[in-house]
Amino acid sequence: MLAELAVRNLGVITEANLVLGDGMTALTGETGAGKTLVVQAVQLLMGGRADPAMVRAGAGEAIVEGRFVSPDGSERVLRRVIPATGRSRAYVDGAMASAPELAELGAELVDLHGQHQHQSLLRARTQREALDRWGGIDLRPLAAARGDLRALGENLAALGGDARARAQEIDLLRYQVDEITAARLDDVSELERITEREDLLADAASHLADGHGARQELAGDDGAIDRLGSAAALLAARKAFAPVSDRLAAVAAELDDTVAQLRGVLETIEDDPQALADVRARHQLLRELTRKYGDTLAEVVSFGDRAAERLSQLERHAELAAELEEGILVAQRRVEAEAQAVAAARRAAAPGLAAAASEHLASLALAAGTLQVNVSGEGPSDNVELAFSANRGVAPGPLSKVASGGELARVMLALRLVLTAGPPTLVFDEVDAGIGGETALAVGQALAALAEHHQVLVVTHLPQVAAFAHSQVAVRKTDDGDAVASDLVAVAGQDRVSELARMLAGQPAWASGRQHATELLEVAAAGRAARDPARLAAELDLLPERSGSPG
């Protein structure tokens, strides 16, 4: 719901903060005080058109902010800035947003009734959804059938429907599969190993020359082993060098092992040009495969598996296509059956929705009003249109074209009374245009009934409507001779009685007007509490004591 509305430099409003609760809130005030500006502020938060003319004279920009609270306690803050010159700016939770983004989010939070272009129930899709909700029409079977049909069609298209293109793809896939299969990629780490072997074979002669040279230095005539033996012999008979002799013996043994290891490595090195050529050819093949089919041999193998699977599908095209085409025929029949079921359900539900909403029209000063729900088109009959006539003998026409602002708002109110779902906050403007007396009481009671399921904000000039609100905000205008300014003031107790008395008689201090205002509040409180008798005493306890004078 809309928990707080802040407005600055919008029209005659210099600065105003409005804290709202749940239930119904009435906005009242003298003509020209700026009640409509509050509705315009909400429109701006819903992505409505921003006009620099809205900015208060002398101000650089107008700012509107709204804090919305969801049932789980989370909050969203929408902000709109309208400069006196230039383009407006929009923000959601402090981050920049476009007006369409603001409108999309705002449509989930607020539904505004009053001006044609801002009423969600005028959209064809919303009217269709309203009928489905009223009739309890389950669209899931139709959606599932359409999804299955779409998937089958996509699978058939993926098989390749063009014979020439299919033949070309088969040739390419067969070449790719054969090339990868012939490479015998049993070890996906082969590329690393073969690179090392190629390096060794490419420099085999140098490796052998250096290896044999080292062996000669160690084990050849007068090599390291011979010199080590001579040194050990010189010290062998000298007890003073016994520790050194022991270490020389150990070194001699280690040196013998090293020479044996060197000999073993030399035996593994081949100076074989043909082996080098074979390794280089294999290396080139592996590099070519990774260039074509993947960065690694593992990716090449995976590509080959997918290509083989696709090749099998194409080679079995006739068989698979026949199976899919049969499945498509079955799916189409299922879609048609589900669509006809939805169409029948919509046609059956339409009169009930029209009748239920029409029952409320008489009490909303539309005694001669007629509402129809027209359903047309082939199954599932998606063409759902609300048609309305305000007078007997006049054929109903499209709601958005034939209803005046006041009529439209009351038709929307009647529909809202039978369709409780929708955005959490409902704003009504012009809902009481051209009515009064008992009809105004009925409108007020209807709005209060809506407030059991929604937060309702209503701009009204009728005390009969305002009295049914759980809370009331007066829009008050002041003129200091230089400029006109308006402020929003929450009124309760005797202040609310004074505001209602002003609305009744133009004189908030008249005893008769104040008495009538108090009676209205009592009637409204009893009407609100009728659905919940336990609240009646609490409702009445909140009313001001009757008094013939303000206080």
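This text goes with the structure placed above it.
Residues numbered from 1 in each chain as written. Predicted model: local features only at pLDDT ≥ 70, side-chain atom pairs only at ≥ 80, totals over all residues. Heavy atoms only, no water.

A. Focus on the overall build of the protein. Looking only at helices and strands, the protein has 19 helices and 15 strands in total. Against the globule reference of 24 Å for 551 residues, the protein gives a C-alpha radius of gyration of 44 Å, more extended than a compact globule. Dimensions of the protein, computed from C-alpha atoms along their principal axes, come out at roughly 140 × 75 × 50 Å. Residues classed as buried in the protein amount to 42% of the 551 residues present. (Helix = DSSP H or I, 4+ residues; strand = E, 2+ residues; numbered from the N terminus. Rg over C-alpha atoms; globule rule 2.2 N^0.38 Å. Buried < 20%, exposed > 50% of the residue type's maximum accessible area, 1.4 Å probe, protein only.)

B. Region of interest: a negative patch on the surface. A cluster of acidic side chains, namely Glu-192, Glu-196, Asp-199, Asp-203 and Asp-210, defines a negative patch on the protein surface. Per-element tally for the negative patch: the top contributor is helix H6 (residues 190-202), with three residues. By the secondary structure assignment, Glu-196 is in helix H6. (Patch = residues over 30% accessible without salt bridge, like charges linked within 9 Å, V, L, I, M, F, W, Y side chains within 5 Å. Areas by Shrake-Rupley, 256 points an atom, 1.4 Å probe, with all protein chains shown as cover. Salt bridge = Lys/Arg side-chain N within 4 Å of Asp/Glu carboxyl O. Lys, Arg positive; Asp, Glu negative; His and termini not counted. Charge placed at Lys NZ, Arg CZ, Asp CG, Glu CD.)

C. Local environment of the pairing of strand E13 (residues 455-459). The element E13 is largely enclosed, with a buried count of five among its five residues. The alternating pattern of E13 places Gln-455, Leu-457 and Val-459 on one face and Val-456 and Val-458 on the opposite face, and all of these are buried. Taken together, the four bridges between strand E3 (residues 24-29) and E13 define a ladder with parallel strand orientation. Among the inter-strand pairings, Ala-26 is bridged to a residue of E13, identified as Val-458. Inspection of the sheet shows strand E12 (residues 425-429) paired to E13 by five bridges, in the parallel sense. From the neighbouring strand, Val-427 faces E13, where its bridge partner is Leu-457. (Pairing = 2+ DSSP bridges.)

D. View of the nonpolar core. Within the largest apolar cluster, 58 residues are counted, with the highest numbers of intra-cluster contacts made by Met-24, Phe-388, Leu-399, Leu-413, Phe-428 and Leu-447. At eight residues, the largest contribution of residues to this core is made by helix H14 (residues 405-418). Those residues within four positions of Leu-413 in sequence are excluded, and the remaining contacts are Leu-364, Phe-428, Val-431, Val-443, Ala-446, Leu-447 and Leu-450. Of all hydrophobic cores here, the second largest spans 40 residues; its members include Ala-16, Leu-45, Ile-82 and Val-427. (Core = buried A, V, L, I, M, F, W, Y, C linked by side-chain atoms within 4.5 Å. Contact = heavy atoms within 4.5 Å.)

E. Local environment of the packing of aromatic side chains. Counted according to the given criterion, the structure contains one aromatic pair. Relative to Phe-303, the ring of Tyr-293 lies with its centre 4.8 Å away and its plane at 25°, an arrangement referred to as stacked. Pair noted here: Tyr-293 is in helix H10 (residues 273-293) and Phe-303 is in helix H11 (residues 297-315), with a separation of 10 residues, a long-range link. Sitting over the face of the ring of Tyr-91, Arg-79 holds its NZ or CZ atom 5.5 Å from the ring centroid. (Phe/Tyr/Trp six-rings, centres within 6.5 Å; stacked < 30°, edge-to-face > 60°. Lys NZ or Arg CZ within 6 Å of the ring centre and 35° of its normal.)

F. Structural detail: the packing of H10 against H11. Running from N to C, H10 and H11 point in directions that differ by 60°, and their axes come no closer than 9 Å. Put simply, H10 runs oblique to H11. For the pair H10 and H11, the crossing hand works out as left-handed. Contact residues: H10 offers Leu-286, Leu-289, Thr-290 and Tyr-293, while H11 offers Leu-297, Glu-299, Val-300 and Phe-303. Its residues placed into classes, the contact of H10 with H11 shows six nonpolar, one polar and one charged. (Axes fitted to C-alpha atoms, helices over the stretch in contact; angles between N-to-C directions. Parallel < 35°, antiparallel > 145°, perpendicular 65-115°, else oblique. Left-handed = near helix turned anticlockwise from the far one by under 90°. Nonpolar A, V, L, I, M, F, W, Y, C, P; charged D, E, K, R; others polar.)

G. Structural detail: the sheet that holds strand E10 (residues 383-389). What the three strands build is an open sheet, ordered E9-E10-E11; its pairing is antiparallel. On the outer flanks of this sheet lie strand E9 (370-376) and strand E11 (397-398), each paired with one strand and no other. Where helix H3 (residues 124-135) meets the sheet, its contacts fall on E9 and E10, and the angle it forms with E10 comes to roughly 95°.

H. Spotlight on H11. Taking 1.5 Å per residue, 19 residues should reach 27 Å; H11 reaches 27 Å between its end C-alpha atoms and fits that length. The complete set of buried residues in H11 reads Leu-297, Val-300, Gly-304, Ala-307, Arg-310, Leu-311 and Leu-314. One face of H11 carries all of its buried residues, which in axial projection span an arc of 135°. Turned more than 90 degrees from where H11 packs its buried face, Asp-305 and Glu-309 sit exposed. On its buried face, H11 is in contact with helix H4 (140-159), helix H5 (163-182), H6, H10 and helix H12 (317-361). (Expected span 1.5 Å × (residues − 1). Arc of directions from axis to C-beta.)

I. Representation of the pattern of salt bridges. A complete count under the given rule lists 21 salt bridges for this structure. Of the charged contacts, one joins Glu-61 and Arg-89 as a salt bridge, the two residues approaching to 3.5 Å between their closest N and O atoms. Taken together, the positions of Glu-61 in strand E4 (residues 61-69) and Arg-89 in strand E6 (residues 89-92) put the pair 28 residues apart, joining distant regions of the chain. When its relative accessible area of 29% is taken as the criterion, Glu-61 is described as partly exposed. In this structure, Arg-174 and Asp-171 form a salt bridge, with 3.9 Å as the shortest nitrogen-oxygen distance. Of this pair, Arg-174 and Asp-171 both sit in helix H5, three residues apart, which is roughly one turn of the helix. What makes Asp-171 exposed here is its relative accessible area of 51%. What emerges from the salt-bridge pattern is a single network uniting Glu-4, Arg-67 and Glu-75.

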